[in-house]
Amino acid sequence: MTGRRNNKPRTAPVNRPGLAVAAGAGAAIVVLAGLLMWAMGSGAARRADQLHIGGPFSLVSGEGVTVTDRSFPGKYLLIYFGYSRCADVCPATLNTMAAALGRLGGKAMRVQPLFITIDPQRDTPAVLHHYVGTFSPRLVGLTGAPGALARVEDEYGVASIVHREGGAAKGYALDHSSVVYLMAPDGRFLAPIPASASEMVMVRAIGKYID
Ligand code: NI
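Nothing here was measured: the structure is a model prediction, and the numbers come from that model.

**Quick look at the overall build of the chain**
Each helix and strand counted, the chain has six helices and nine strands in total. Counting all 211 residues of the chain, 47% fall into the buried class. Within the chain, counting contacts between residues at least 6 apart in sequence, those at least 24 apart form 68% of the total. For the chain, the computed accessible surface area is about 10,200 Å², with 58% contributed by carbon and sulfur atoms.

In structure tokens:
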């Protein structure tokens with residue numbers, strides 16, 4: 001059981017971590033199933049705004065500045081959740097995001113990429129600042145108080161499960177949902193982009209929403 005989960009405002013008893021995690025994961029799976037249906041463009045696809053993705057947040061950047069959902073007026077937000085110790089999916093996704101923005105030319109300036117940590121214990125602002133800078137100078141890393149992070153994870157249907165490694169006191173990895181969220185300047189959810197998308201798929205997915 002982790003401190004992060006301890007601090008989540010779950011209805012499940014906090015002394016029963018399995019239930020608490022399952023409750024969170026259950027809600028996230030419903031959201032992710034909706035995202036997948038929508039991304040696949042099936043006949044039953046729902047409108048993106050019916051998925052209720054997104055909402056207000058107040059977090060802290062790698063430079064120690066408070067960042068909220070209103071901090072980037074007029075910008076589209078490209079949001080990804082992960083953690084800096086992630087061995088493969090997070091760095092690959094952040095590389096793709098950076099490369100896609102590089103190909104979007106002038107449109108890229110209307111997009112603010114954000115990386116929100118799901119591992120605030122290890123992703124301190126300083127760690128995040130260094131980490132995101134290895135991908136793009138435009139990428140902003142965000143962490144925050146446990147309650148603030150729990151809220152934004154719930155708003156975006158983010159699921160994660162802790163894996164203890166070795167027996168070392170702090171050795172753990174996080175399996176986590178991997179969706180890149182494209183949000184409109186007014187906060188509406190526009191589209192989910194699979195983290196596995198290629199650079200060009202991501203360019204097209206973002207570009208078609210921006211004039
Ligand atoms: Ni990851």
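**Things to note about the sheet that holds strand β2 (residues 66-68)**
Think of a sheet as strands paired side by side through backbone hydrogen bonds, with each pair either parallel or antiparallel. Here we have seven strands laid out as an open sheet, ordered β2-β1-β5-β4-β3-β8-β9, and mixed in their pairing. Looking at which strands have only one partner, the edges of the open sheet turn out to be β2 and β9 (189-194). Neighbour to neighbour, the strand axes of the sheet diverge by 35 degrees on average, direction disregarded. Pairing of strand β1 (residues 58-61) with β2, which is carried by three bridges, proceeds in the antiparallel orientation.

**Some thoughts on the layout of surface pockets**
The probe, sized like a water molecule, is rolled over the atoms to show the empty space still left. Size it by volume and the largest pocket reaches roughly 230 Å³. Grouping the constituent residues of the lining of the largest pocket by class yields nine nonpolar, four polar and four charged.

**A closer look at the packing of helix α3 (residues 89-103) against helix α6 (residues 199-207)**
Each pair of packed helices can be described by the angle between their axes along with the distance between the axes. Across the interface, α3 lies against α6 with an axial gap of 9 Å and an inter-helix angle of 60 degrees. Looking at the two axes, α3 sits oblique to α6. Here the hand of the crossing between α3 and α6 comes out right-handed. Across from T96, M97, A99, A100 and R103 in α3, the residues of α6 making contact are E199, M200, M202 and V203. Within the contact of α3 with α6, the residues separate by chemical class into six nonpolar, one polar and two charged.

**With respect to the coordination of the nickel ion**
Octahedral six-donor coordination of a metal ideally yields angles of 90 or 180 degrees, compared with 109.5 degrees for tetrahedral four-donor coordination. Distances from the nickel ion to its protein donors, C86 (SG), C90 (SG) and H176 (NE2), fall within 2.0 to 2.3 Å. Of note, the donors binding the nickel ion are all from one chain and are spaced C-x3-C-x85-H. Placement of the pair is C86 in the loop between β3 (76-82) and α3 and H176 in strand β7 (residues 172-176), with a sequence separation of 90 residues. The pair C86 / H176 is uniform in exposure class, with both members buried.

**Topic: the pairing of strand β8 (residues 179-183)**
The buried count for β8 comes to five of five residues, which makes it a mostly enclosed element. Side chains V179, Y181 and M183 of β8 all project onto a buried face; the interleaved residues V180 and L182 project onto the opposite face, where all are buried too. Judged from the three bridges that link them, β3 and β8 form a sheet pairing that is antiparallel. Looking at β8, one finds that I79 is bridged to Y181. In textbook terms, the turn of a hairpin is the stretch between consecutive antiparallel strands, and for β8 and β9 this stretch comprises five residues, one of which, G187, has a positive phi near 95 degrees.

**Structural notes on the pattern of salt bridges**
Any two side chains of opposite charge can pair if their charged atoms end up close together. Going through the model one piece at a time under the given rule, you end up with four salt bridges. Between R103 and E199 there is a salt bridge, with the nearest N and O atoms lying 2.3 Å from each other. Here E199 lies in helix α6 and R103 lies in helix α3, a separation of 96 residues in the sequence. Of the residues examined, E199 reaches a relative accessible area of 27% and is grouped as partly exposed.

Analysis parameters
Residues numbered from 1 in each chain as written. Predicted model: local features only at pLDDT ≥ 70, side-chain atom pairs only at ≥ 80, totals over all residues. Heavy atoms only, no water. Helix = DSSP H or I, 4+ residues; strand = E, 2+ residues; numbered from the N terminus. Buried < 20%, exposed > 50% of the residue type's maximum accessible area, 1.4 Å probe, protein only. Contact = heavy atoms within 4.5 Å. Areas by Shrake-Rupley, 256 points an atom, 1.4 Å probe, with all protein chains shown as cover. Pairing = 2+ DSSP bridges. Axes fitted to C-alpha atoms, helices over the stretch in contact; angles between N-to-C directions. 1 Å grid on protein atoms, 1.4 Å probe; cavity = no way out; pocket = protein on both sides within 12 Å on 5 of 7 lines; lining within 4 Å. Points joined across faces, edges and corners; volume = space filled by probe spheres on them. Nonpolar A, V, L, I, M, F, W, Y, C, P; charged D, E, K, R; others polar. Parallel < 35°, antiparallel > 145°, perpendicular 65-115°, else oblique. Left-handed = near helix turned anticlockwise from the far one by under 90°. Donors = N, O, S within 2.8 Å, 3.2 Å for Na, K, Ca; no water. Salt bridge = Lys/Arg side-chain N within 4 Å of Asp/Glu carboxyl O.

What is shown is where atoms sit, not what they do.
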